[in-house]
Amino acid sequence: EAAVTQSPRNKVAVTGGKVTLSCNQTNNHNNMYWYRQDTGHGLRLIHYSYGAGSTEKGDIPDGYKASRPSQENFSLILELATPSQTSVYFCASGDELGGREQYFGPGTRLTVL
Amino acid sequence: QQKVQQSPESLIVPEGGMASLNCTSSDRNVDYFWWYRQHSGKSPKMLMSIFSNGEKEEGRFTVHLNKASLHTSLHIRDSQPSDSALYLCAASVDMGYKLTFGTGTSLLVDP
């Protein structure tokens, strides 16, 4: 089964600080995704990538940047964290070889104080 | 921007009963629907997907799709307490890899 890991699993940050969430996948999937999940909003797509060096804006990109330095790694960066970014963040990977199924990591719970 | 609506928001069924969950897309170019299941505190996992009109069955789970009405439904027969979870519907358009998720249906199976 596809393996996607995330670090850290929990993070407390201060308002205005910089936060980096990391994601690693070992299945050689081309596509990777960052979502946030909030009660009442389901999963919302922040950024995604079709391969190393590429990043695309999702549905709610404001306040977030993404970086895909390699096939395996995809990071989400909050340059100036705000309390409204308190959420659970999920990374996922997948591609056409897997029938476009997305495999999710375990999630990172971020609290911005 | 596509919207995916799910109903009901929450559902309680007795153990052994039938659970029926609904999902509709706002985009006429939708080509694929997925159903993901997310147990409390865990990450979503894909349950079933469908892209052709009609019905698809896997064990106790059946998915229906009506492309004309952009509507899919998930039916769980002989529901078990382990089926208690958040069920998320997702859709893609134009053969793309980007998914839009609904807000989910929270299912509780009452033993």
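Thresholds applied
- Residues numbered from 1 in each chain as written.
- Chains lettered and ligands numbered in written order.
- Predicted model: local features only at pLDDT ≥ 70, side-chain atom pairs only at ≥ 80, totals over all residues.
- Heavy atoms only, no water.
- Helix = DSSP H or I, 4+ residues; strand = E, 2+ residues; numbered from the N terminus.
- Rg over C-alpha atoms; globule rule 2.2 N^0.38 Å.
- Contact = heavy atoms within 4.5 Å.
- Areas by Shrake-Rupley, 256 points an atom, 1.4 Å probe, with all protein chains shown as cover.
- Lys, Arg positive; Asp, Glu negative; His and termini not counted.
- Charge placed at Lys NZ, Arg CZ, Asp CG, Glu CD.
- Pairing = 2+ DSSP bridges.
- Axes fitted to C-alpha atoms, helices over the stretch in contact; angles between N-to-C directions.
- Buried area = accessible area lost by both parts, 1.4 Å probe.
- Salt bridge = Lys/Arg side-chain N within 4 Å of Asp/Glu carboxyl O.
- Polar contact = N/O pair within 3.5 Å; in protein donor to acceptor, adjacent residues only side chain to side chain.
- Nonpolar A, V, L, I, M, F, W, Y, C, P; charged D, E, K, R; others polar.
- Buried < 20%, exposed > 50% of the residue type's maximum accessible area, 1.4 Å probe, protein only.
- Disulfide = S-S within 2.5 Å.
- Phe/Tyr/Trp six-rings, centres within 6.5 Å; stacked < 30°, edge-to-face > 60°.
- pLDDT = per-residue confidence, 0-100.

Remarks on the overall build of chain A
Step number 1: Counting its secondary structure elements, chain A contains zero helices and eleven strands.
Step number 2: Each helix (α) and strand (β) of chain A, taken in turn from the N terminus, gives the series β-β-β-β-β-β-β-β-β-β-β.
Step number 3: The globule rule puts the C-alpha radius of gyration for 113 residues at 13 Å, and the 13 Å found for chain A is close to it.
Step number 4: Considered along the principal axes of its C-alpha atoms, chain A spans approximately 40 × 30 × 25 Å.
Step number 5: Partitioning the contacts of chain A with sequence separation of at least 6, the portion at a separation of at least 24 is 55%.
Step number 6: Within the structure as shown, chain A displays about 5000 Å² of accessible surface, and the carbon and sulfur contribution to it stands at 49%.
Step number 7: Positive and negative side-chain charges in chain A, numbering 10 and 10 respectively, have mean positions lying 9 Å apart.

Looking at the sheet that holds strand S3 (residues 19–25) of chain A
Residue and element names in this part refer to chain A.
Step number 1: Spatial strand order, S1-S3-S8-S7: four strands in an open sheet with antiparallel pairing. Lying at the two open borders of the sheet, with one neighbouring strand each, are strand S1 (4–7) and strand S7 (65–67). Within this sheet the neighbouring strands show an average axis-to-axis angle of 20°, counted without direction.
Step number 2: Sheet topology note: the S3/strand S8 (residues 73–78) ladder contains six bridges and is antiparallel. Bridging from a neighbouring strand, Val19 pairs with Leu78 of S8.

Quick word on the interface of chain A and chain B
Step number 1: On the chain B side, the residues contacting the 23 residues of chain A number 23 residues.
Step number 2: When residues of chain A are sorted by the area they lose upon contact with chain B, Leu43(A), Asp59(A) and Arg100(A) head the list and together hold 36% of the total.
Step number 3: Our count for the contact surface shared by chain A and chain B stands at one salt bridge.
Step number 4: Of the charged contacts, one joins Asp59(A) and Lys98(B) as a salt bridge, the two residues approaching to 3.0 Å between their closest N and O atoms.
Step number 5: At the junction of chain A and chain B, the tally comes to six residue pairs in polar contact (both at pLDDT 80 or more).
Step number 6: Of all the secondary-structure elements, those providing two or more residues to the side of chain A that touches chain B are strand S4 (31–38) and strand S5 (42–49) of chain A.
Step number 7: In the side of chain A that touches chain B, the residues fall into nine nonpolar, eight polar and six charged.

Considering the sheet that holds strand S8 (residues 71–76) of chain B
All names here are of chain B.
Step number 1: Sheet architecture is open: five strands sit in the order S1-S3-S8-S7-S6, paired in antiparallel fashion. Both edges of this open sheet fall to strand S1 (4–7) and strand S6 (54–58), since each of them pairs with a single strand only. Recorded for the sheet is a direction-independent mean angle of 15° between the axes of neighbouring strands.

As for the environment of Ala90(B)
All names here are of chain B.
Step number 1: On the secondary structure map, Ala90 appears in strand S9 (residues 85–93).
Step number 2: Under the relative-accessibility criterion, Ala90 is labelled buried at 0%.
Step number 3: Taking the C-alpha atoms as reference points, Ala90 and Tyr36, separated by 54 residues in sequence, lie 7.7 Å from one another.
Step number 4: Those residues within four positions of Ala90 in sequence are excluded, and the remaining contacts are Tyr32, Phe33, Trp34, Leu99, Thr100 and Phe101.

Re the side chain of Glu101(A)
Step number 1: Counting through the fold element by element, Glu101(A) comes out in the loop between strand S9 (87–94) and strand S10 (103–104).
Step number 2: Of the side chains with opposite charge, Lys45(B) lies nearest to the buried Glu101(A), which makes no salt bridge, at 8.9 Å.
Step number 3: Only 3.4 Å separates the side chain of Glu101(A) from the side chain of Tyr103(A), close enough to count as a polar contact.
Step number 4: When near neighbours in sequence (up to four residues on either side) are disregarded, Glu101(A) contacts Ser93(A), Gly94(A), Asp95(A), Trp34(B), Tyr36(B) and Met46(B).

Some remarks on the state of the cysteines
A disulfide bridge is the covalent bond that connects two cysteines by way of their sulfur atoms.
Residue and element names in this part refer to chain A.
Step number 1: All chains considered together, the criterion is met by two disulfides over all chains.
Step number 2: Disulfide pairing is shown between Cys23 and Cys91; the S-S distance is 1.9 Å. The sign of the S-S torsion, about -75°, decides the handedness of the disulfide formed by Cys23 and Cys91: left-handed. Taken together, the residues span a long stretch of sequence, with Cys23 in strand S3 and Cys91 in strand S9 at a distance of 68 residues.
Step number 3: Exposure remark for Cys91: the relative accessible area of 0% places this residue in the buried category.

Some points on the packing of aromatic side chains
Step number 1: Going through the model one piece at a time under the given rule, you end up with 14 aromatic pairs over all chains.
Step number 2: Centroid distance Tyr50(A) to Tyr97(B): 6.5 Å. Interplanar angle 65°. Geometry classified as edge-to-face. Of the two residues, Tyr50(A) is situated in the loop between S5 and strand S6 (56–57) and Tyr97(B) in the loop between S9 and strand S10 (100–101); the pairing between them involves two chains.
Step number 3: The class of Tyr50(A) is partly exposed, set by a relative accessible area of 38%.
Step number 4: An aromatic cluster is defined as three or more aromatic residues linked by ring pairs; in this entry it consists of Tyr33(A), Tyr35(A), Tyr48(A), Tyr50(A), Phe90(A), Phe104(A), Tyr36(B), Tyr97(B) and Phe101(B).

Digging into the confidence of the model for chain B
Detail in the predicted coordinates should be disregarded across regions flagged by low pLDDT.
Step number 1: Chain-level pLDDT for chain B is 94 on average; 100% of the residues reach the 70-or-more range.
Step number 2: The spread of mean pLDDT over the elements of chain B runs between strand S4 (residues 30–38) of chain B, the lowest at 93, and S8(B), the highest at 98.

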